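So you can see what is in the structure, the chains are spelled out below.
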Amino acid sequence: MRNNIDGHFLLIGLMAYPIRHSLSPQMQNTIYAKLNVPYVYLAFEVDQEKLPDAIKGIRALGLRGSAISMPNKQLVCQYLDKLTPAVELSGACNTISNDNGVLTGYNTDGMGYMRMLKEANINVIGKKITILGAGGAATAIVVQAALDGVKEITIFNQKDECYAKIEAVAKKLNQHTQCHVRVIDLDDKDQLRQEIATSAVLCHATGVGMKPLEGQSLITDPTMLNPDLVVTDCIYSPRKTKLLEMAEKQGCKTLNGIGMMLWQGAAQIKIWTGEDAPIEYVKEQMGFNN
Ligand code: NAD
């Protein structure tokens, strides 16, 4: 616990509902203490109704910024002064920076995913990614990957409300970036096999594999995964999903969602404090090394 909090400390918020279960306050405050920087991070239960007043509060109280989570990631965009290209394209913001009253919206989820790949020496620039999922995590990853220079992205999803939304995002990315993005029905297993076979990375970004769908995988045929493929799962609990277990057996390099989570937090810290987060230290402190 820090006991040196004085009048110069600045507050960083986390606005979401529900939010009490979040690991972010512990993670962020552990890092600020290690870096010895004058910030504290607190979670606030803010639903969509309270959001406009909460944003006014950022300005009125001079918060350094805030993390934004569900259900506010889309709605918050209209209350901000500036949006990064990733937020413009995805329509979702998870980070606000308050710079002398100017509120800028960022999305660090996709940044975290791309940084995780880079840190693991996986080069996807100029290559192809196949992604399973079309929700918030998938959209953030697709947008950042396209902005960073991935050449081709094929998205597979079930035909639900997310499908039409990601089709609209794909259209914008095809217009505004050099990346070629396609969306295909997850039921089309022949296409799925073909797309995976020509991809450098398979990224899983749905909840299938975590509670209540633990032990399940959208890929059921291990022969779809060749040993040259890198398989990533956004899920971090369990650490090893059915998909990652299967990929490991096939000889693929695998990465779970912890790296994405840590590096997206590190990107927020860079935005708010200008500092580089001590990632290895956080992993150890939070028990993520096991
Ligand atoms: P979301 O609710 O926005 O999207 C869910 C996605 O899963 C959609 O594409 C939906 O079509 C698909 N889906 C749901 N049930 C399915 C089923 N039975 N079969 C096939 N597809 C199904 O969720 P999200 O925020 O995008 O999160 C997706 C996953 O990513 C979750 O496991 C979440 O924990 C994880 N996540 C991890 C990080 C991280 O930092 N590691 C960040 C965000 C999300």
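*Asks:* Help me out: how do you make sense of the site of the ligand in this one?
*Replies:* The environment of the ligand is formed by 22 residues, the closest being Ala134, Gly136, Ala137, Asn157 and Asp160. Gly135 is positioned such that a nitrogen or oxygen atom in its backbone is 3.3 Å from an oxygen atom of the ligand. Between an oxygen atom of the ligand and a main-chain N or O atom of Ala137, the distance comes to 2.8 Å. Starting from 840 Å² of accessible surface for the ligand in isolation, the protein chains cover 70%. Judged by the fraction of its atoms near the pocket grid, the ligand is located in the largest pocket. Those elements giving two or more residues to the shell around the ligand turn out to be helix H5 (136–148) and helix H9 (258–273). Per-class residue counts for the shell around the ligand are 13 nonpolar, eight polar and one charged.

*Asks:* What exactly am I supposed to notice about the side chain of Ser217 here?
*Replies:* Mapping Ser217 onto the fold places it in the loop between strand E10 (201–204) and strand E11 (230–233). With near-sequence residues (within four places) excluded, Ser217 lies in contact with Val208, Lys242, Leu243 and Met246.

Reading the values: the criteria
- Residues numbered from 1 in each chain as written.
- Predicted model: local features only at pLDDT ≥ 70, side-chain atom pairs only at ≥ 80, totals over all residues.
- Heavy atoms only, no water.
- Near = heavy atom within 4 Å.
- Polar contact = N/O pair within 3.5 Å; in protein donor to acceptor, adjacent residues only side chain to side chain.
- Areas by Shrake-Rupley, 256 points an atom, 1.4 Å probe, with all protein chains shown as cover.
- 1 Å grid on protein atoms, 1.4 Å probe; cavity = no way out; pocket = protein on both sides within 12 Å on 5 of 7 lines; lining within 4 Å.
- Sits in = over half its atoms within 2 Å of the grid points.
- Helix = DSSP H or I, 4+ residues; strand = E, 2+ residues; numbered from the N terminus.
- Nonpolar A, V, L, I, M, F, W, Y, C, P; charged D, E, K, R; others polar.
- Contact = heavy atoms within 4.5 Å.

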